[in-house]
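What the coordinates show
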Amino acid sequence: MIWFRRVLLAVLATALSTHATYADDATLSFVRRHCVECHGDKKQAGGVRLDGLTGDMSNDGPRWMTAAEQVRRGLMPPEDAKQPSATAKTEFVNSVRHELAVRTQRKPNLGNLVAHELLFEKAAASNAQATEATAPRLWRLSPDAYSAWVNDVACGTPKGVVQPFSAGAERGVQDFAQLARVDEPAAEILLRNALTIVKQQTRHDIVDGKVQAKNDTVREFTDLMSPTAMPTREQLLKALSKQFRLALGREPDEADVAHLLKFYERCASGGDRPGAVTTMLTAVLLRSDVIFRSEFGGPDGMLTPREVANAISVTLCNRRDEALRKAVDLGQLVTREQIAEHVRRILDDPKIAKPRLLGFFRDYFEYHKAVEVFKDEPKDLWHRPDQAVRDTDRLVLHLIAEDEDLFRRMLTTPLAFANVKMSIDKATRKEVMKRSLIPNAHNQRGKSVPEELYGLKEWTDQQPFAQPANTRLGLLMQPSWLIAWSENFHTDIVRRGRFIRERLLGGTVPDLPIGVAAMVPNDRTHTLRERVSSVTRAESCWKCHQHMDDLGLPFENFDHYGRLLDQDWVLDAEATAKNVDYKGKPKGDVLRGVPLDTAGLISGTDDPKLDGPLKDPREFVTRLANSDRCRQVWIRHIFRYYLGRNETLADAPSLQAADRAYVGSNRSYKALLVSLLTSDSFLKRGPQR
Amino acid sequence: MIGKLTRRTALKGLSLGAGASLLQPLLAQIVAQAADGAAPKQRFVFVLQSNGINPNHIIPVGETLRKSNDPFPNSETIELSLADRELPDPIAPLSPFKKQMVLLQGLSGCMAEGGTGGHSTNHGALGCYPGSAGPMAQTIDCALGEAVPGIIRHVGLGVLEKKDQTLNYLLSCSGPGKAQPLQCAPEQAFRSLFSSVIGGNDRSAFEQKTSLLDFMTEDLRRARGALVGGERQKLDEYLAALETLHRRQGAIDAIKPSLIKAVPKLDEQFAKPTEVNRLQAQFEIATASIISGLTHSVTIASGGGHQNYLAFPDIGIPIGGHGIGHGETVDGLTTEQLFIKTRKFHCELIARMAAKLAEIREGNGTLLDHTLIVYLSDSGEAHHPNLRVWPVVLIGGMGGKLKLDGRYVQLPHYGVKQHRTLANLYLTLLSAAGQPRDKFGIPDNGLRDIDQSGDIRELRA
């Protein structure tokens, strides 16, 4: 493939100088000449139609990528069709890949449309200097960041304050700068919340004509609540200053003061001065720069120190960091070294809560969605997906804290936590580990308890512990992940396969074509492997399913509750028919065991170390964990999470530097994050587009 | 009385007088809707009463469709006309509306169980998902409020045991993670909804909101000046949202005459806020909100969510619903008699609301012809429900889009192929409101072999 990459990069270098934003005529013409006859209005071979492709790849990216991949792999045009020259094919593939690589794809799950080798080839990194830098942007607070902000401003969450923002509907990374918007219901809630917060800040009684402030209020505000006293300008300035510091972490400038005092005067014209004060204070909480974090950059193209402080704080902690604010005031957040020092300080300080560290792993693996998959509780298992999620959270936090070879360990660690909760010992004031769920002799009689899922016969406080050999390794075999990636009634081979293809192999899978009813046959006399294969191996389906099914099959080593299997189970129709009571009423299904098949296959990665058959999930995750490509794909996802956008070719140097920092620091996750948060991609802004 | 005022007349006058260009689009829409020949909007009122609705409470007098508390045996739909049948004692107050009613029996809602100690299904009752899942998706009251938007999309009202519990976040939801509050302090709800017309401090609150919207709009306009392209678009969307809210304030101000006519007199209830008075006040506020055109979707919850139950000492029910649910008795009344007395009181309030709506002419009929009242419990059929039967009473109309013609409809029992769930009822309502969907909530695992999609044929007009 070296020749291919050389040709690709040569063409790319030429193409870069043109700064084309759309597919050029030659690219469109290639589709018309070689694709549309079989994929047009008269005929749609394999259900694929390409005649409507426009040159704008930001809309048609997935279809363009599919077409280019088919040509690159030599699968299209078919053998019996008129063949374009090898040069024409290469130019077509390169042109499509280049276009997809220089434009940011809006949706989180389209990030992989940027071909992996373009980002991680050394030559690609140097060529990338010529492409566009990150554009200036606004980034609305995430739901978690909004909650943290309310907590800081109101000294707790006042009763009546509710979340205005929904988590994104997309799979994977939820908080993308391009997608976060404020709609009408959210605007209404923001307004209502702001009024509630100020009401909390100014709670008071009037006793004998005097204001008596209540607990958890702000003195500078309650001083202005007297219905008879006229607030002085100094008092109003003091109140404004306090509210600005609480809401925005800065002092108001002259324009802010003038604007808000004018607003106060207008509101006070009716005579209700305390009312006017609360309205003015509420207005501060409703400013656009409270809801949207701005990253415009200064005259030198770098984020301003205040923007850096905001970005680093929210990126790691969801809330403002006081030391960063002070560093801005002292002019100590200017150089990359100073910024790196603060990132390291935050990462190293256990007292600073960093929910976004765990947050990435939740978005990436989505194991926390186990609680959303509703299942009937079996007779022999105490099914508690909430505890499974908590146990995985703890394992992730443990691996992050140890900070050794995190990528490999998250896939292959034999360690686990089982049925654990942490609480404070009253005598020693130290955190101690306790058994979280304790079975009730009546309700859980005859059911296996959560720790048994991990192979523990008796609960222990010596955790994490090593799970028995040949059972589970890493996060992909944690019960939480297995449940999250299952259906209500069975496992989910296809979606699990898609997870591996997209999140670890860096590939793409087209979305389900409109009009296709994806139904797994309900004939439970066959294993799920057989039932899925019976429909997805059809020629028209296999074009896409070949990228997924074989990657999901090894996880059939576990049932959909996350239990390890030593054999598979199918419905015994004959025995079920005979299983009736004395009145002939059915007594329920009878299952019979059949040999377990956990074989799978990795294909289509162009990496001989990765491609090949697999015998079980343990071999599978070990192979993934040892792959440079998989590690780099993981870093691409980290980039998306912390920068809130998809990577483009311009980010190749930042991504490569992050990978080098990780590998070169005994595979330290902290080193990776320091590199990423001090990269040009994070700190530099180009012109607006 | 506001019975003689037609919405068309009031709003026509308004559109000529209130010339503010900002209000024109919304006013035009409201006036067009009220004009002769135009189809009036549909309205929805969901009444949730905690502690379950005993299926026997909605079976017409003299019918033996069920042996005691056994499961319903029918595997085919049973339909009975109410014309020549009497309503049972618990719902007898609804008799004047027999011709505009369906007593719907046999729906299940097992997908909503879990997590609340076997009591309420919380958001699951209106959302068709587990009660333990929190506000995981939009509930039907908010979905219909969005499908047929009024000036305010959804008004939530409730009563909780303690007077200082002012908000109930356990039943309505406007989107994933967004619990929609039910205002449980009637006086506060009253002031918030009618602040534009009741003067004093409340008018100030209304004006404060308008001022803040002015400020936010101005602030956004300044901020967006420095931006171009996609980033500017983000602020434009926020700005558009604020302008809609601003227009709403204007629209509320513009329907001042209807509001003044509709605003209820509730001094007595506010002076003595007992459970009975609070619930009465909430029904009055809901009725006024519908009549004045403030909203097209209201939820009223009597208790509801987790273990929220009410006692009604004013009408001789001094013990709370939880005690009644566990068999407590009082003053010589059996548990069942207490249940019936409570039910009758709620039905009287519903009947009073329906009567008021029936007095107002709209289009070729009355406001009730275009208002669907859905009466159900957030805990299905019992204090500790199994949710295989979830009785529902439907009263009113959806402008002819739903067959509400005086019937008792008993659908096939749980597990039978033609069985229908609460989700099918909600899909029927969405479809009749012009917003058909393929599914609502999550499917019931116990019905995996049954098609759980689609509407309820027996309710189709």
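Residues numbered from 1 in each chain as written. Chains lettered and ligands numbered in written order. Predicted model: local features only at pLDDT ≥ 70, side-chain atom pairs only at ≥ 80, totals over all residues.

Some remarks on the overall build of chain A
For clarity, the cut-off: Numbering of helices and strands runs from the N terminus, with a helix taken as a DSSP run of H or I at least four residues long and a strand as a DSSP run of E at least two residues long. The atom set for the radius of gyration is the C-alpha atoms, and the globule formula is 2.2 Å times the number of residues raised to the power 0.38. Any residue whose C-beta has 12 or fewer other C-beta atoms within 10 Å is treated as exposed, any with 20 or more as buried, and any in between as partly exposed, C-beta atoms being built from the backbone. This entry defines residue contacts through backbone-placed C-beta atoms, with two residues in contact when those atoms are within 7 Å.
Helices and strands together make up the secondary structure of chain A, namely 30 helices and twelve strands. Compactness check: chain A gives a C-alpha radius of gyration of 29 Å against a globular reference of 26 Å for 689 residues, within 12% of the reference. Taken over the C-alpha atoms alone, chain A extends approximately 90 × 75 × 50 Å along its principal axes. When burial is assessed residue by residue, chain A has 44% of its 689 residues classed as buried. Across chain A, the fraction of contacts at a sequence separation of at least 24, relative to all contacts at a separation of at least 6, is 67%.

Some remarks on the overall build of chain B
Scanning chain B for helices and strands turns up 13 helices and twelve strands. Residues classed as buried in chain B amount to 54% of the 461 residues present. Taking the intrachain contacts of chain B between residues at least 6 apart in sequence as the baseline, contacts between residues at least 24 apart amount to 72%.

Describing the pairing of strand β4 (residues 155–159) of chain B
Residue and element names in this part refer to chain B. Worth spelling out the cut-off: Here, a strand pair is defined by DSSP locating no fewer than two bridges between the strands.
Extensive coverage of β4 is indicated by the burial of five of its five residues. Neither face of β4 is exposed, since Val-155, Leu-157 and Val-159 on one face and Gly-156 and Gly-158 on the opposite face are all buried. In the sheet, β4 pairs with strand β7 (residues 297–302) via five bridges, with the strands oriented parallel. Pairing of Val-155 across the sheet is with Val-298, part of β7.

Let's talk about the interface of chain B and chain A
This is how it is decided: Polar here means any residue other than Ala, Val, Leu, Ile, Met, Phe, Trp, Tyr, Cys and Pro, which are nonpolar, and Asp, Glu, Lys and Arg, which are charged; Gly is therefore polar.
The interface is formed by 35 residues belonging to chain B together with 35 residues belonging to chain A. Elements represented by at least two residues in the side of chain B that touches chain A include exactly β5 (167–175), β6 (178–183), α6 (200–224) and α7 (229–254) of chain B. It is α7(B) that provides the largest number of residues to the side of chain B that touches chain A, a total of eleven residues. Split by residue class, the side of chain B that touches chain A holds 18 nonpolar, ten polar and seven charged.

Structural notes on the environment of Glu337(A)
On the secondary structure map, Glu337(A) appears in helix α16 (residues 336–348). Sequence spacing of Glu337(A) and Asp616(A) is 279 residues, and the spatial spacing of their C-alpha atoms is 46 Å.

Here's the deal with the pairing of strand β6 (residues 420–424) of chain A
Bridge count for β6(A) against strand β7 (residues 431–435) of chain A is five bridges, and the pairing is antiparallel. Its bridge partner lying in β7(A), Met422(A) is registered against Met433(A).

Topic: the confidence of the model for chain A
Just so we agree on the cut-off: Every residue gets a pLDDT, meaning the predictor's confidence in that residue, from 0 to 100.
Here chain A averages 88 in pLDDT, while 92% of its residues score no lower than 70. A low-confidence stretch, residues 1–21 of chain A (pLDDT under 50), is modelled with 21 contacts involving residues beyond four sequence positions or located in other chains.

Some thoughts on unusual backbone geometry
The amide bond that connects Gln463(A) to the next residue, Pro464(A), takes the cis arrangement and shows omega of 10°. Among the structural elements, Pro464(A) can be located in the loop between β7 and β8 (465–466). With a phi angle near 50°, Asp405(A) is a residue other than glycine that sits in the positive phi range. Following the sequence through the fold, Asp405(A) ends up in the loop between α18 (385–402) and α19 (406–412). By the C-beta count within 10 Å, which is 17 here, Asp405(A) ends up partly exposed. Of note in this structure, Cys128(B) is not a glycine but carries a positive phi near 60°. Within the element layout of this structure, Cys128(B) appears in the loop between α3 (124–127) and α4 (140–147).

Focus on the confidence of the model for chain B
Residues and elements named next belong to chain B. Mean pLDDT over chain B stands at 86; residues scoring 70 or higher make up 90%. Low confidence marks residues 1–37, where pLDDT is under 50. Its contacts with residues over four positions away, or in another chain, come to 45 contacts. At the level of chain-chain contacts, confidence expressed as ipTM amounts to 0.78, with global pTM at 0.75.

Here we look at α18(A)
Residues and elements named next belong to chain A. We count it as follows: Take the number of residues in a helix, subtract one, and multiply by 1.5 Å to get its expected span.
Look at α18: 26 Å from first C-alpha to last across 18 residues, which is about the 26 Å you get at 1.5 Å a residue. Of the residues making up α18, those classed as buried are Pro-385, Gln-387, Ala-388, Val-389, Arg-390, Asp-391, Thr-392, Arg-394, Leu-395, Val-396 and Leu-399. Tucked into the core, α18 has its buried residues touching α17 (355–365), α19, β5 (415–416), β6 and α20 (479–484). Positioned one or two residues after α18, Asp-403 has a phi angle of 50°, which is positive.

A word on the packing of helix α7 (residues 143–154) of chain A against helix α8 (residues 184–201) of chain A
All names here are of chain A. Applied cut-off: Structural elements are reduced to axes, namely lines fitted to C-alpha atoms, with helices fitted over the stretch in contact, and the angle between N-to-C directions of any two is expressed from 0 to 180 degrees. Orientation labels follow simple angle bins: below 35 degrees gives roughly parallel, above 145 gives roughly antiparallel, 65 to 115 gives roughly perpendicular, and whatever is left gives oblique.
For the pair α7 and α8, the least separation of the axes is 10 Å and the interaxial angle reads 25°. In terms of axis orientation, α7 runs roughly parallel to α8. Contact residues: α7 offers Val-150, Val-153 and Ala-154, while α8 offers Asn-193, Ile-197, Gln-200 and Gln-201.

As for the nonpolar core
Nonpolar side chains tend to gather and get buried jointly when the protein is soluble and globular. Our working definition: Buried Ala, Val, Leu, Ile, Met, Phe, Trp, Tyr and Cys residues whose C-beta atoms connect them within 7 Å together make up a nonpolar core.
Ranked by size, the top nonpolar core spans 176 residues in total, and within it Ala187(A), Met280(A), Leu286(A), Leu672(A), Leu676(A) and Leu242(B) carry the most contacts. Grouped together as the second largest cluster of nonpolar side chains are 115 residues, Ala112(B), Ala301(B), Met353(B) and Leu402(B) included.

Side note on the environment of Pro378(A)
Residues and elements named next belong to chain A. Inspection of the secondary structure puts Pro-378 in the loop between α17 and α18. Linking Pro-378 and Lys-447, residues 69 residues apart in sequence, is a C-alpha distance of 8.4 Å. With sequence-adjacent residues up to four places away left out, Pro-378 is seen in contact with His-383 and Tyr-561.

What about the packing of helix α14 (residues 305–317) of chain A against helix α15 (residues 322–329) of chain A?
Helix-helix packing: each pair is described by the crossing angle between the helix axes and the interaxial distance. Residues and elements named next belong to chain A. Relative to each other, α14 and α15 sit at 170°, their axes nearing to 9 Å. On the basis of the axis angle, α14 is roughly antiparallel to α15. Only Leu-324, Arg-325, Ala-327 and Val-328 of α15 make contact with α14, whose side of the interface consists of Pro-305, Arg-306, Ala-309, Ile-312 and Ser-313.

Description of the environment of Pro60(B)
Within the element layout of this structure, Pro60(B) appears in the loop between β1 (43–49) and β2 (78–81). Sequence separation between Pro60(B) and Leu160(B) is 100 residues, and the spatial gap between their C-alpha atoms is 31 Å.

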